[in-house]
Amino acid sequence: MNHLGTETIETNRLILRRFVKSDIALAFKNWVTDERVTEFLTWEAHKNIDITDTVISSWIQDYEKNNFYQWAIILKEINEPIGSIGAVSQKENLDMVHIGYCIGYNWWNKGIVSEAFSAIIKFFFEQIKVNRIESLHDSNNPASGKVMLKCGLKYEGTLRQAGINNKGIVDTSMYSILADEYRTNV
């Protein structure tokens, strides 16, 4: 992979950029404290802003690494971060990134995550030269799967009791898109 680090990406409605310290209070206000947002995630809703500060500060420090990818999803309309999207894991030997995302409840079902995900798919295939982008979701959260399908990922199957999140041990549905598939559809 041709690592470049988290670069700013702009879409019609969004700016995807690195987190900055001033985002901590807005993340706390807009999504990280909401149990509806974290219901199917692997981390609990933040009970105090110190947790948010620790997480975002660690991301800010990790931006020094050229293989770290974590974006704040900024809605241009309000000029505030409303969620995050990034490569939660990577496999260099496969040229693969695994994408995770979350967004504040007030912005669900508006196509925002699909817009952000599509933008970073383009970035990872065209700039970083990955071969595979994958993502998964708790099988009881089909809305997340709809985002993946809308972004061109293909459903690969359900892994039985292969994940753990705030609901406990869960089945996970895996999706992916390969570089050849992306190039064919561009």
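Every value quoted in this text rests on a predicted model; they were computed, and no experiment measured them.

## Some thoughts on helix 1 (residues 23–32)
Argument step 1. Residues of helix 1 that are buried: Asp23, Ile24, Ala27, Asn30, Trp31 and Val32. Angular distribution of buried residues about the axis of helix 1 spans 140°; they occupy a single face of the element.
Argument step 2. The elements touched by buried residues of helix 1 are strand 2 (14–17), helix 2 (35–38), helix 3 (49–62), strand 3 (70–75), strand 4 (80–91) and strand 5 (96–103).

## Here's the deal with the side chain of Ser57
Argument step 1. Here Ser57 shows up in helix 3.
Argument step 2. Polar side-chain contacts of Ser57 include one of 2.7 Å to the side chain of Asp53.
Argument step 3. Beyond its immediate sequence surroundings of up to four residues, Ser57 is in contact with Lys21 and Ile24.

## So, the sheet that holds strand 8 (residues 168–178)
Argument step 1. On the basis of which strands lie adjacent, the open sheet formed by eight strands has the order 1-2-3-4-5-6-8-7 and mixed pairing. In the strand order of this sheet, the two ends are held by strand 1 (9–10) and strand 7 (154–165), each with one partner.
Argument step 2. Here strand 1 pairs with strand 2 via two bridges, running antiparallel. In the sheet register, Glu10 faces strand 2, and the bridge partner there is Ile15.
Argument step 3. The sheet strands contacting helix 1 are strand 2, strand 3, strand 4 and strand 5, and the helix crosses strand 4 at an angle near 95°.

## What to know about helix 3
Argument step 1. With 14 residues, helix 3 should reach 20 Å at 1.5 Å per residue; the first-to-last C-alpha distance of 20 Å fits that figure.
Argument step 2. Buried residues of helix 3: Thr52, Ile56, Ser57 and Trp59, and no others. Down the axis of helix 3, the buried set is contained in an arc of 155°. They therefore lie on one face. What points out from helix 3, more than 90 degrees from its buried face, is the exposed set Asp50, Thr54 and Gln61.
Argument step 3. Where helix 3 is buried, its residues contact helix 1, strand 3 and strand 4.
Argument step 4. At the N-terminal boundary of helix 3, the capping side chain belongs to Asn48, with an oxygen 2.9 Å from the backbone nitrogen of Asp50.

## Here we look at the packing of helix 1 against helix 3
Argument step 1. Relative orientation of the contacting elements helix 1 and helix 3 amounts to 115°, with a least axis distance of 9 Å. With respect to the hand of their crossing, helix 1 and helix 3 are arranged in right-handed fashion. Of the residues in helix 3, those in contact with Asp23, Ile24, Ala25, Ala27, Phe28 and Val32 of helix 1 are Ile49, Thr52, Asp53, Ile56 and Ser57.
Argument step 2. Looking at the contact of helix 1 with helix 3 residue by residue, the classes come out as seven nonpolar, two polar and two charged.

## With respect to the side chain of Thr172
Argument step 1. Checked against the element boundaries, Thr172 lands in strand 8.
Argument step 2. If near-sequence neighbours (up to four positions away) are discounted, Thr172 is found in contact with Leu136, His137, Ser139, Gly157, Thr158, Leu159, Ala162 and Gly163.

## A few points about the nonpolar core
Argument step 1. Ile99, Phe117, Phe124 and Ile133 are the most contacted members of the largest nonpolar core, which totals 36 residues.
Argument step 2. Put simply, the parts of the chain that give this core at least two residues each are strand 2, strand 3, strand 4, strand 5, helix 4 (112–128), helix 5 (142–150), strand 8 and helix 6 (179–185).
Argument step 3. Broken down by element, this core gets its largest block of residues, eleven residues, from helix 4.
Argument step 4. Setting aside its immediate chain neighbours within four residues, Ile133 contacts Val97, Ile99, Phe117, Ile121, Phe124, Phe125, Leu153, Tyr175, Ser176 and Ile177.
Argument step 5. With 14 residues, the next largest nonpolar core counts Val32, Leu41, Tyr63 and Cys102 among its residues.

Rules used throughout
- Residues numbered from 1 in each chain as written.
- Predicted model: local features only at pLDDT ≥ 70, side-chain atom pairs only at ≥ 80, totals over all residues.
- Heavy atoms only, no water.
- Buried < 20%, exposed > 50% of the residue type's maximum accessible area, 1.4 Å probe, protein only.
- Helix = DSSP H or I, 4+ residues; strand = E, 2+ residues; numbered from the N terminus.
- Arc of directions from axis to C-beta.
- Contact = heavy atoms within 4.5 Å.
- Polar contact = N/O pair within 3.5 Å; in protein donor to acceptor, adjacent residues only side chain to side chain.
- Pairing = 2+ DSSP bridges.
- Axes fitted to C-alpha atoms, helices over the stretch in contact; angles between N-to-C directions.
- Expected span 1.5 Å × (residues − 1).
- Left-handed = near helix turned anticlockwise from the far one by under 90°.
- Nonpolar A, V, L, I, M, F, W, Y, C, P; charged D, E, K, R; others polar.
- Core = buried A, V, L, I, M, F, W, Y, C linked by side-chain atoms within 4.5 Å.

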